[in-house]
Amino acid sequence: MNISYTEKNKGKFIVIEGIDGCGKGTQISLLYNKLIKSGIPVKQTAEPTNTTVGGIIRDALSGRLELTIPELAALFMADRVTHNINSFDGIKMTLEDGFNIICDRYYYSSFAYQGLDCDMQWVMDINLKCPDIMKPDLCIFLDLPADISKKRMKNANRNLELYEKDVKKSEQIRNNFYKVFEILKNTQNIKIIDANRPCNVISNEIYNCVIDIINS
Ligand code: TMP
């Protein structure tokens, strides 16, 4: 196949997902540091973003602002469009500049979280059919049972957000992730990793998956 210079040097878009308390933050930092140490160009990003829309979303998650679930789903989608196309640090531009991206949450979270309390198909449609929302090269799902993630969050010294309070809801969200991955299995590259193991074992597995994608 004839690969153009630009295509060959474009970065890979990697998303890390999981229910609250699964250890995503720790694993993303470890992955980022390992990639940097290996001399691989990489940038870290997250959703919700730090934009104005991201701020409204945070207000809704903390309970300062009351929104319906479809309003919240639409805001996450709008935030994602800005995240993709903004000319300051947008995903598209960053990939074209040759950086790989590690993104903490993406549309899979909208499908699993907002899809729990409103029409999941509609949430999928508004994201997957939007031309300004890119498809990731790889989604890694850090899988942890809800009761274990809840115990980890109890140790966090802060007020819990909308989706962090209820262990039953977390288990439903985890099940929803599985539902979403089943629907997407033929069109998206999704890797489920058991997050109930020692930190370094998980980290090595994530790193190997990511390196495979970067070298592909
Ligand atoms: P974080 O705690 O990983 O920063 O994520 C913030 C919360 O936002 C978390 O409870 C999951 C939720 N969320 C959604 O409900 N829908 C989405 O599309 C995204 C990106 C996050």
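Just so we're clear, the structure is a prediction, and the values are computed from it rather than from any experiment.

**Examining the overall build of the chain**
So, point 1. Summing up its helical and strand segments, the chain has ten helices and five strands in all.
So, point 2. Computed over the C-alpha atoms, the radius of gyration of the chain is 17 Å, within 12% of the 17 Å expected from 2.2 N^0.38 for a compact globule of 216 residues.
So, point 3. Excluding contacts between residues fewer than 6 apart, the proportion of contacts in the chain whose partners are at least 24 apart in sequence is 77%.
So, point 4. Entry remark: accessible area of the chain is about 11100 Å², with carbon and sulfur atoms responsible for 51%.
So, point 5. Positive and negative side-chain charges of the chain, numbering 27 and 27 respectively, have mean locations separated by a distance of 5 Å.

**Some details on the packing of helix α7 (residues 120-128) against helix α9 (residues 167-184)**
So, point 1. In contact at an axis separation of 13 Å, α7 and α9 are set at 55 degrees when each is read in the N-to-C sense. Between α7 and α9, the angle falls in the class oblique. Classified by chirality, the crossing of α9 by α7 is right-handed. Here α7 contributes Met120, Met124 and Leu128 to the contact with α9, which in turn contributes Asn176, Lys179, Val180, Ile183 and Leu184.
So, point 2. When grouped by side-chain class, the residues that make up the contact of α7 with α9 number six nonpolar, one polar and one charged.

**Structural notes on the site of the ligand**
So, point 1. Inspection of the region around the ligand gives 14 residues, with Asp20, Arg80, Arg105, Ser110 and Gln114 positioned closest.
So, point 2. Side-chain polar atom of Gln114 to an oxygen atom of the ligand: 2.8 Å apart, as the coordinates give it.
So, point 3. Within the complex, 91% of the 480 Å² of free accessible area of the ligand lies under protein.
So, point 4. Judged by the fraction of its atoms near the pocket grid, the ligand is located in the largest pocket.
So, point 5. Put simply, the parts of the chain that give the shell around the ligand at least two residues each are α3 (52-62), α4 (69-85) and α6 (107-117).
So, point 6. Counting residues per element, the shell around the ligand draws most heavily on α6, which supplies four residues.
So, point 7. Broken down by class, the residue content of the shell around the ligand amounts to four nonpolar, three polar and seven charged.

**With respect to the side chain of Glu17**
So, point 1. Turning to its location among the elements, Glu17 is positioned in strand β1 (residues 13-17).
So, point 2. Within polar-contact distance, the side chain of Glu17 engages the side chain of Ser109 at 2.5 Å.
So, point 3. In contact with Glu17, other than residues within four places in its own chain, are Lys24, Arg105, Tyr106, Tyr107, Tyr108, Ser109, Cys139, Ile140, Phe141, Leu142 and Phe177.

**Focus: the pattern of salt bridges**
So, point 1. A complete count under the given rule lists twelve salt bridges for this structure.
So, point 2. With a closest N to O distance of 3.7 Å, Glu17 and Arg105 form a salt bridge. Here Glu17 is found in strand β1, whereas its partner Arg105 is found in the loop between β3 (100-104) and α6, with 88 residues between them in sequence.
So, point 3. In this structure Glu17 comes out as buried when scored by relative accessible area, which is 0%.
So, point 4. With a shortest N-O distance of 2.6 Å, Lys185 and Glu182 are connected by a salt bridge.
So, point 5. Relative accessible area serves as the criterion here: at 48%, Glu182 is assigned to the partly exposed category.

**Focus: the packing of α3 against α4**
So, point 1. Two elements in contact, α3 and α4, have axes separated by 9 Å at closest approach and are oriented at 150 degrees. Here α4 runs roughly antiparallel to α3, going by the angle between their axes. As α3 packs across α4, the resulting crossing turns out to be left-handed. Note on element contacts: α4 touches α3 through Leu72, Leu75, Phe76 and Asp79, opposite Val53, Gly54, Ile56, Ile57, Ala60 and Leu61.
So, point 2. Per-class residue counts for the contact of α3 with α4 are eight nonpolar, one polar and one charged.

About the thresholds
Residues numbered from 1 in each chain as written. Predicted model: local features only at pLDDT ≥ 70, side-chain atom pairs only at ≥ 80, totals over all residues. Heavy atoms only, no water. Helix = DSSP H or I, 4+ residues; strand = E, 2+ residues; numbered from the N terminus. Rg over C-alpha atoms; globule rule 2.2 N^0.38 Å. Contact = heavy atoms within 4.5 Å. Areas by Shrake-Rupley, 256 points an atom, 1.4 Å probe, with all protein chains shown as cover. Lys, Arg positive; Asp, Glu negative; His and termini not counted. Charge placed at Lys NZ, Arg CZ, Asp CG, Glu CD. Axes fitted to C-alpha atoms, helices over the stretch in contact; angles between N-to-C directions. Parallel < 35°, antiparallel > 145°, perpendicular 65-115°, else oblique. Left-handed = near helix turned anticlockwise from the far one by under 90°. Nonpolar A, V, L, I, M, F, W, Y, C, P; charged D, E, K, R; others polar. Near = heavy atom within 4 Å. Polar contact = N/O pair within 3.5 Å; in protein donor to acceptor, adjacent residues only side chain to side chain. 1 Å grid on protein atoms, 1.4 Å probe; cavity = no way out; pocket = protein on both sides within 12 Å on 5 of 7 lines; lining within 4 Å. Sits in = over half its atoms within 2 Å of the grid points. Salt bridge = Lys/Arg side-chain N within 4 Å of Asp/Glu carboxyl O. Buried < 20%, exposed > 50% of the residue type's maximum accessible area, 1.4 Å probe, protein only.

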